[in-house]
Amino acid sequence: MPQHSISARRGCAVAATLALTLLPAIAADPGGTASASGAQIARGAYLVKIMACNDCHTPWKVGPRGPEPDMTRALSGHPQDMTLPPAPALGNGPWVWAGAGSNTAYAGPWGVSFAANLTPDRETGLGAWTAETFLTALRSGRHEGQGRPILPPMPYLQYRQATDEDLRAIFAYLQSLPPIRNRVPQPIEPAAAH
Amino acid sequence: MRIRGLIALLGLGLGALAGGAGAVSPLPTGIPVSAPQRLSETGLYAPDGSIDPRNLPYAPQYPLWTDGAAKARWIRLPEGTAIDVSDADAWSFPIGTILWKEFAFGGRKVETRMIWRTEAGTWEFATYVWNQEQSDAILAPADGLPDLVEIAPGRRHSIPGVADCLACHGSSPSPVLGFSAIQLSDDRDPLAPHAEPLRPGMVTLRALVDFQRLDPPRREWADDPPRIRAGDPVARAALGYLSANCGHCHNDRGPLARLGLALRHDDSGAPDAPERAVATAVGARGRYLVPGAGRDGSWLVAPGDPAHSALLYRMESRHPSSQMPPLGTVLVDADAARLVRAWIATLSSGGHGTILSPSR
């Protein structure tokens, strides 16, 4: 099956290249993990640690020494079984956004956003993503690489500046995690949207 | 004589098509390697400012909705070449092919987009923003120009960046989206929303067949022009609209195939095969929940029940986290929404009786 390989050239001109090559179907190696080396995964693990992904993508709980990420649910996003009351109305500021204690749900002018499940579960996480999807999503700031804008507070404007190599390492690491089935709710539109 | 008759019918503009396929020709020269700074340097215009006669106008029968923009399109097929249509559903264009698409709001040209196939076989994307005097257009920056012109009170048109071109043009079997068998078919849909009239000189599928610009020749496309496979005119127009406006992302062959929602018409589909939109959306569950309807009350398309159909809800939304398509438009296409609503209302609920119970 013909497949596009896309490489957007980063120059000053709006010009991009769509190479039409005959690659095996996307399904052949969805996560690219088959080819991920131990060193690449270790690099990814390191980056995930220092880039604070767990801060938002792992639900927090109160442990013996205060709040801490619940590593039994590492990187699985906002818990599907957690019910939240409607977000507080903050008006026009100076306080403009609010976060849940799990640090996985955020209310603001954009509505309510929920941190995504980054584990490789096929249905509820990134299991069906390719490394290309991941790179495109983080670089373009578009959900799934081509949908709606990715909502705050996901810091993609910072992460988009990472090298391809580092982003691929992060993705390889995420795909090496045990899949956790957790269907994160879709974002809630702000009340005045319709 | 078929060919002479056709020229008489469509006017002389098609002369440029007569080059025909045949002996292998040397690689066309003058293919831009990177985008020129000005539109006037791209080969769209002749020195006197008129459209270069080698560039043929065409109008896809189901145009993309861009908030009511008036559009004009041209294709340049290098002389002596034919389009490889051996995969009827994924045309492969000769090296050196260029397509342009002009957008105007309120009678003023705003941008002209261009894609072309380089000698390396890759496709390049560029867009040009028209100057105040409307005398030429300048290459836009790679990130585009957000909110450039007001097109309705408080609503502004953005010039897309490269990533946005690719979000739409990089997800379909062919990066060329509107120059395909269904889009150029001479059996035009009278109910297609915002259809642009065929003007003299415009290329249609029959002209491509007659002038032997397709390889293989596909005589059958002239004798029995392709059309959306649907039982009634409303369904035909609705499915045609969804194919053209959504199918470049939602199809079986691109990266979003994983969603399982295919809205694109398949030009290689069997004549009696249902449209993929019917097969994958009608009576099917999706991930997206219609606000207020919950998991039990949300369907991609709930037969007979527009209010529980996520597809329609998202077409009628322009909230950034819900709207479909997710980019390239800031105003709801009310005509299309009315059409799709009418189509959904006519679908029989079949085994899905429960969805008719109100839950909103």
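Residues numbered from 1 in each chain as written. Chains lettered and ligands numbered in written order. Predicted model: local features only at pLDDT ≥ 70, side-chain atom pairs only at ≥ 80, totals over all residues. Heavy atoms only, no water.

Draft legend 1. Representation of the overall build of chain B in the model. A tally of helices and strands in chain B yields nine helices and ten strands. Out of the 360 residues in chain B, the part that is buried amounts to 56%. A fraction of 60% describes how many contacts in chain B between residues 6 or more apart in sequence connect residues 24 or more apart. Taken as a whole, chain B presents about 14,900 Å² of accessible surface, with 56% of it coming from carbon and sulfur. (Helix = DSSP H or I, 4+ residues; strand = E, 2+ residues; numbered from the N terminus. Buried < 20%, exposed > 50% of the residue type's maximum accessible area, 1.4 Å probe, protein only. Contact = heavy atoms within 4.5 Å. Areas by Shrake-Rupley, 256 points an atom, 1.4 Å probe, with all protein chains shown as cover.)

Draft legend 2. The packing of helix H3 (residues 131–140) of chain A against helix H5 (residues 164–176) of chain A, seen in detail. Residue and element names in this part refer to chain A. Orientation of H3 relative to H5, taken along the N-to-C sense of each, is 120 degrees, at an axis distance of 10 Å. Considering the angle they form, H3 stands oblique to H5. The way H3 lies across H5 gives a crossing that is right-handed. Residues Ala-131, Glu-132, Phe-134, Leu-135, Leu-138 and Arg-139 of H3 touch H5, and the partners they reach there are Asp-164, Leu-167, Arg-168, Ile-170, Phe-171 and Leu-174. The residue inventory of the contact of H3 with H5, partitioned by class, reads eight nonpolar, no polar and four charged. (Axes fitted to C-alpha atoms, helices over the stretch in contact; angles between N-to-C directions. Parallel < 35°, antiparallel > 145°, perpendicular 65-115°, else oblique. Left-handed = near helix turned anticlockwise from the far one by under 90°. Nonpolar A, V, L, I, M, F, W, Y, C, P; charged D, E, K, R; others polar.)

Draft legend 3. Expanded view of the environment of Asn54(A). Residues and elements named next belong to chain A. With respect to the helices and strands, Asn-54 occurs in helix H2 (residues 53–57). Sequence separation between Asn-54 and Gln-146 is 92 residues, and the spatial gap between their C-alpha atoms is 25 Å. Excluding anything up to four places from it in sequence, Asn-54 contacts Val-48, Trp-60, Met-71, Ala-74 and Leu-75.

Draft legend 4. Seen up close, the domain arrangement of chain B. All names here are of chain B. By the assigned domains, chain B splits into domain 1 (3–223) and domain 2 (233–346). The gap between the C-alpha centroids of domain 1 and domain 2 is 26 Å. Across the contact, 34 residues belong to domain 1 and 31 residues belong to domain 2. Of the roughly 2,600 Å² buried where domain 1 meets domain 2, counting both sides, 57% is carbon and sulfur surface. The largest share of the area that domain 1 buries against domain 2 comes from Trp-65, Asp-89 and Ser-171, three residues that together contribute 23% of it. Applying the counting rule to domain 1 against domain 2 returns five salt bridges. Of the charged contacts in the structure, one is a salt bridge between Arg-236 and Asp-187, with a shortest N-O distance of 3.4 Å. Joining domain 1 to domain 2, the criterion identifies 17 residue pairs in polar contact (both at pLDDT 80 or more). If you list the elements that add at least two residues to the side of domain 1 that touches domain 2, you get strand E8 (145–152), strand E9 (155–159), helix H2 (162–169) and helix H3 (181–184). (Domains from an automatic or database assignment. Buried area = accessible area lost by both parts, 1.4 Å probe. Salt bridge = Lys/Arg side-chain N within 4 Å of Asp/Glu carboxyl O. Polar contact = N/O pair within 3.5 Å; in protein donor to acceptor, adjacent residues only side chain to side chain.)

Draft legend 5. A look at the environment of Thr42(B). Residue and element names in this part refer to chain B. Tracing the backbone through its elements, the reader meets Thr-42 in the loop between helix H1 (2–10) and strand E1 (56–58). Sequence separation between Thr-42 and Gly-297 is 255 residues, and the spatial gap between their C-alpha atoms is 52 Å. Those residues in contact with Thr-42 that sit more than four places away from it in its chain are Pro-36, Ile-98, Trp-100, Met-114 and Tyr-128. Among the polar contacts made by the side chain of Thr-42, one reaches the side chain of Trp-100 at a distance of 3.2 Å.

Draft legend 6. Layout of empty space enclosed by the protein. All names here are of chain B. Considering all chains together, one arrives at one cavity of 30 Å³ or more under this definition. If you go around the largest cavity, the residues you meet are Trp-65, Tyr-241, Asn-245, Cys-246, Met-315, Arg-318, Met-324, Pro-325, Val-332 and Asp-333. Broken down by element, the residue count for the lining of the largest cavity peaks at three residues, all from helix H6 (residues 233–246). For the lining of the largest cavity, the per-class residue count stands at seven nonpolar, one polar and two charged. (1 Å grid on protein atoms, 1.4 Å probe; cavity = no way out; pocket = protein on both sides within 12 Å on 5 of 7 lines; lining within 4 Å. Points joined across faces, edges and corners; volume = space filled by probe spheres on them.)

Draft legend 7. Summary view of the pattern of salt bridges. Counting across every chain of the model gives 26 salt bridges over all chains. Salt-bridge contacts for Arg142(A) lead to Asp164(B); the nearest nitrogen and oxygen are separated by 2.9 Å. With Arg142(A) in the loop between H3 and helix H4 (156–159) and Asp164(B) in helix H2, this residue pair bridges two chains. Assessed through its relative accessible area of 13%, Arg142(A) is described here as buried. On the basis of relative accessible area, Asp164(B) is assigned to the partly exposed category, the value being 22%. Because the salt bridges share partners, they merge into one network encompassing Asp87(B), Asp89(B), Arg253(B) and Arg264(B).

Draft legend 8. Highlighting the pairing of strand E6 (residues 105–108) of chain A. All names here are of chain A. Side chains Ala-105 and Ala-107 project from E6 onto one buried face, and the interleaved Tyr-106 and Gly-108 project onto a second face that is buried too. Of the strand pairs in this sheet, strand E5 (residues 98–99) and E6 are connected by two bridges, and their pairing is antiparallel. Considered in E6, the bridge of Gly-99 is made with Tyr-106. Here E5 hands over to E6 after five residues, with Asn-103 in that stretch at a positive phi of 50 degrees. Inspection of the sheet shows E6 paired to strand E7 (residues 111–114) by four bridges, in the antiparallel sense. Residue Ala-105 lies in a different strand from E7, and its bridge partner there is Phe-114. Two successive antiparallel strands, E6 and E7, enclose a turn made up of two residues. (Pairing = 2+ DSSP bridges.)

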